[in-house]
Amino acid sequence: MRTAEIRQRWLDYFESRGHTVVPSAPLISPDPSTLFVIAGMVPFIPYMLGEQTPPWDRATSVQKCVRTLDIEEVGKTTRHGTFFQMNGNFSFGDYFKEGAITFAWELITTPQDKGGYGFDPETIWVTVYEDDDEARELWMKIAGLPDERIQRRGKKDNYWHTGSAGPGGPCSEIYVDRGPEFGLDGGPVVDEDRYVEIWNLVFMQYALDQVRSKEDFRVTGPLKQRNIDTGMGLERVAFLLQGVNNMYEIDEVFPVILGAQELSGRVYGADQDDDVRMRVVADHVRSALMLMGDGVTPSNEGRGYVLRRLLRRSIRAMRLLGVEGHALPTLLPLSRDAMSPSYPELATNFERISQVAYAEEDAFRRTLVAGTTILDTAVASAKTASGTLSGADAFQLHDTYGFPIDLTLEMAAEQGVDVDREAFRTLMQAQRDRARADAMSKRAGRADTGAYQDLHKELSATNGKPVQFIGYTDVEATSQVVGLLVDGVPAPAATAPADVEVILDVTPFYAEAGGQQADTGTIVLESGARIEVDDVQAPVKGLSVHHGRLVDGTVTHGDRGVARIDTARRQAIARAHTATHLVHKALHESLGETATQAGSLNAPSRLRFDFRSPSATPHEVVAEIEARVNERLQDDLEVTDQTMNIDEARAKGAMALFGEKYGNEVRVVSIGGDWSLELCAGTHVRRSGELGLVTLLSESAIGSGVRRVDALVGAGAYGYQAKERALVGQISGLLGARPDELAERVSSLLTRLKESEKELGALRQAQILAGAGKVAAGATLVGSTRVVTADLGEVSGDDIRTLVLDVRSRLGEAEPAVVAIAGAAKGRPVVVVATNAAARTAGIRAGALVKLASGVLGGGGGGKDDLAQGGGTDVSKVGEALEAVLTSVRG
């Protein structure tokens, strides 16, 4: 049975039993304290802790998970894997131990041709918490397990809690005996290689506090709401059902091993070391694929570093298998094809995913070439000396050549050499201290800018001016590297791949300031090195720091080259910045001088302008502002800039940016002569007509006394209006009305629709109730009980309940009576059962009858003894469900 089918059977089974299917959450953890989702229950923690009310009583999912604590053990054993899938079913105050055990036993032992997994009941063992007699008795009652196949274990193995105060409870784990050829007799307490755990049922029933460890905590009492949290390892079930020895040989993993065999010419199973490497490749390629599918990209920290490490370990494992060429273009598509039956988005997004992966392989191959020779030399020296690679050597490999410390540790260990980790950590900490923590961030405007201040002083003393900005008139410049930082620390050189900060003597790049986003672009050096600039900041005034990725070659202090900005992005931002000035002026004209600026953002084709105002701007005023701005575009006003004395600028009436500090000399940007005058260091278009169009999207409050206008400019505005016009045209055609009549026409239609729905509901209910007498007259006498059954066809659940209660009242209380009426609501079967007091005295319960009928319909339900409702998925079995009710009353 393929893994995708095992997954789907799980979801189908629990959905048919009243569980809501919840899609897998992304691998990126919502908890900032953890990088990834590490268990199937993680998305449901707020419901289990009582922090949020669950939208359903029952749920089921197949959750993607990643665990990285054992990454070094991956491949060495067949039990460790990075990415895995956890099947789970959850109950929030609904069923408890009996329901969880019943579901589990039914699913794993039901034959495959009837929708189950078909495990031989004789191979099933379970464990229960040491004093959980209830669970033990339920396993004997429900599954008929003999006492010797139910083993008791302590808190370490069979008790669950969150690790802190909150809910907890005993567990019951399900194992499959693989047979004597896999280990010793005696159950899971003796041998967990032979007896493989496939499913853990957690019975959350107690409140805990004083949680000090897995086994040390205090139970304060029972929970108000008991929950069920279960987890079945999909890969474990797959290798058992597919008849292979471990998770690496299942259909979702083994194709990559076959690909590694073909590329390397090695045979899986012939050599232990090669087997380990192939398992590393298979696990890491699949794990990396799933992480990239959820949007993670390689980087030097956090989730991105985990992904980078997985890719690099798989690439290096292939090199150790003798593959010198590119491996991922062969292996990644194999993993995609194996996983996409369960996750189709991997195929849809593969172009993006593969570009990221292949670029990382290219970069790491260059790192290996540069670093391996140096590492081998250092290791050879260490062998003849102390037998330990010094922390300084390890730090040089990391800092100069981009050789990650974990790779140094692995490669040194393979040659029998230790690494002085403590000395390496000391050097790393010293580097961080010099960078004063905040220099690690691309945004350099935080507390300490020591490294940048030193550079500013040095360059000012040498050149008179740290950086010459020519971006107002030029989009490229021939420049020299006059400063280079790696991880916030000045460095003489850096080799790709690396994140670098570069200072040029001359730059066309605008550093982020005054709400205007920074330019992006490239720096191509004469040496062939290429830096892709993602951001430019000015941590010290006058010092533009280009943050980017060194993707090729080596950059050295003093190198010369060409810096070139992305002109399309620059123009789109310039249009937005000029539009901001226009909006600012139009706001003043409409709202008065008190509408002062409180913040702004100028990004490609869009702007955000914050202003102070005690109340909302009326819609008609917003429309007037938009119209005024676009009039100024039609006037094609000239946009100019002039540098002047600050006092002269103020005398001219130039508006200053909020919170900005100005020197004696300022730059004044004017639009239309003196129509708009602002102190501004940003970039702008030459004439207002270049903006094309400005569309105000919204005006809203963002805080006490502060409002925000969001707008689109140029191409962004045209695209928005084109979509809006198309939508208006479509609606006009449907309603047969002119655009200016749409609001009135839609309002009229909504009013009529509500009235019609109310009238229709009343008529339908009246019609159904009109037939209540006829339905009651059709009662069948079963023993001493009158039973009414009916199939109403397409009808609402509320109408069925109304009819059931009416019919029950007509039957009276003189003798036992049962009313069971079914129908189809929106294509799904619904059944409602009611009993009178005499029937309940005779032991006939509505809730029990509904569960019986719902089971036939492929669903679930429940309620009270006198009235209950249920349903399912199979409308064709409504008659069979009603017959089951009759049979139950008869029996």
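1. Topic: the overall build of the chain
The helix and strand tally for the chain stands at 26 helices and 35 strands. Counting the 891 residues in the chain, one finds 49% classified as buried. Long-range pairs, those at least 24 residues apart, make up 67% of the contacts in the chain with a sequence separation of at least 6. Here the chain displays about 40100 Å² of accessible surface, and carbon together with sulfur accounts for 49% of that area. Counting 95 positive and 123 negative side-chain charges, the chain places the averaged centre of each group 3 Å from the other.

2. Some words on the sheet that holds strand E27 (residues 676–679)
The strand order across the open sheet built from 3 strands is E25-E26-E27, with neighbouring strands paired in antiparallel fashion. Looking along the sheet, the strands with just one partner apiece sit at the ends: strand E25 (639–645) and E27. The average undirected angle you get between the axes of adjacent strands in this sheet is 25°. Looking at chain direction, strand E26 (residues 665–671) and E27 are connected through 4 bridges and run antiparallel.

3. Points about the packing of aromatic side chains
Ring pairs (aromatic) are described by centroid distance and by the angle formed between their planes. Across all of its chains, the model carries 23 aromatic pairs by this definition. Their ring planes at 50° and their centres at 4.7 Å tell us that Trp 10 and Phe 14 sit as a pair that is tilted. Of this pair, Trp 10 and Phe 14 both sit in helix H1 (residues 3–15), 4 residues apart, which is roughly one turn of that helix. Residue Trp 10 is classed as buried on the basis of its relative accessible area, which comes to 0%. With a relative accessible area of 0%, Phe 14 lands in the buried category. Summarising the aromatic geometry, the rings of Trp 125 and Tyr 195 are spaced 5.2 Å apart at their centres and angled 70° between planes, so their arrangement reads as edge-to-face.

4. A look at the packing of H1 against helix H3 (residues 97–109)
Between H1 and H3, the shortest axis-to-axis distance is 11 Å and the interhelical angle comes to 135°. Comparing their axes, H3 and H1 come out oblique. As for how H1 packs across H3, the hand of that crossing is right-handed. Here Trp 10, Tyr 13 and Phe 14 of H1 come into contact with H3, specifically with Thr 102, Phe 103, Glu 106 and Leu 107.

5. Some details on the packing of helix H8 (residues 272–293) against helix H10 (residues 328–339)
Helix-helix packing is described using two parameters, namely the angle between the two axes and the distance between the axes. Closest axis-to-axis distance for the H8/H10 pair is 10 Å, and the angle between their directions is 70°. Classed by the angle they form, the pair H8 and H10 counts as roughly perpendicular. Side by side, H8 and H10 meet where Val 281, Val 285, Arg 286, Leu 289, Met 290 and Met 292 of the first sit next to Leu 328, Leu 331, Leu 332, Ser 335, Arg 336 and Met 339 of the second.

6. Structural notes on helix H26 (residues 878–890)
The terminal C-alpha atoms of H26 lie 19 Å apart, and with 13 residues this matches the ideal 18 Å at 1.5 Å per residue to within 8%. Turning to H26, its buried residues number three or more, namely Val 878, Ala 881, Leu 882, Ala 884, Val 885, Leu 886 and Val 889. Buried residues belonging to H26 abut strand E30 (780–782), strand E31 (785–794), strand E32 (817–825), strand E33 (828–835) and helix H25 (846–857).

7. Side note on the state of the cysteines
Considering all chains together, one arrives at 0 disulfides under this definition. You can see Cys 65 has no disulfide; the closest cysteine sulfur is in Cys 171, sitting 16 Å from it. For Cys 65, a relative accessible area of 0% translates into the label buried. Cys 171 sits in the buried class, given a relative accessible area of 3%.

8. Looking at the sheet that holds strand E35 (residues 867–871)
Taken together, the 6 strands give an open sheet; going across it, the order is E30-E31-E32-E33-E35-E34, and neighbouring strands pair in mixed fashion. Because the sheet does not close on itself, it has two edges, and the strands there are E30 and strand E34 (861–863). Neighbour to neighbour, the strand axes of the sheet diverge by 20° on average, direction disregarded. When E31 meets E32, the two strands line up parallel, connected through 7 bridges. Looking at E32, one finds that Glu 794 is bridged to Ala 824. Sitting on the sheet, H25 touches E32, E33, E34 and E35, and the angle it makes with E33 is about 160°. The strands touched by H26 within the sheet are E30, E31, E32 and E33, with E31 carrying the most contacts at an inclination of about 170°.

Each value, and the rule that gives it
- For every chain, the first residue of the written sequence is number 1, and numbering continues from 1 along that sequence.
- Per-residue local features of the predicted model are confined to residues with pLDDT of at least 70, and side-chain atom pairs are confined, for both listing and counting, to 80 or more; whole-chain, interface and lining totals are unaffected and use all residues.
- Values reported for side chains reflect all heavy atoms of the structure, with hydrogen atoms and water molecules removed beforehand.
- By definition, any uninterrupted DSSP run of H or I lasting at least four residues is a helix, any uninterrupted run of E lasting at least two residues is a strand, and each is numbered from the N terminus.
- For every residue, the accessible area (1.4 Å probe, protein chains only) is compared with the maximum for its type, and the residue is labelled buried under 20%, exposed over 50%, or partly exposed between those bounds.
- Here, two residues are considered to be in contact whenever any of their heavy atoms come within 4.5 Å of each other.
- Every accessible area reported is derived by Shrake-Rupley at a probe size of 1.4 Å, with residue values counting cover from the shown protein chains alone.
- Positive charges come from Lys and Arg alone, negative charges from Asp and Glu alone, with His and the N- and C-terminal ends not counted.
- Charged side chains are reduced to one point each, which is NZ for Lys, CZ for Arg, CG for Asp and CD for Glu.
- The pairing criterion is simple: DSSP has to find at least two bridges between the two strands.
- To get an axis, a line is fitted to the C-alpha atoms, and for a helix only the part in contact is used. The angle between two axes follows their N-to-C directions and goes from 0 to 180 degrees.
- The criterion for an aromatic pair is that two Phe, Tyr or Trp rings (for Trp, the six-membered ring) have centres within 6.5 Å, with stacked assigned to planes under 30 degrees apart, edge-to-face to planes over 60 apart and tilted to the rest.
- Oblique is the label for any angle not under 35 degrees, not over 145, and not in the 65 to 115 range, which are roughly parallel, roughly antiparallel and roughly perpendicular in turn.
- We call a crossing left-handed when the near helix sits turned anticlockwise from the far one by less than a right angle, and right-handed when that turn is clockwise.
- Multiplying one less than the number of residues by 1.5 Å gives the expected span of a helix.
- Only a pair of cysteine sulfur atoms within 2.5 Å qualifies as a disulfide here.

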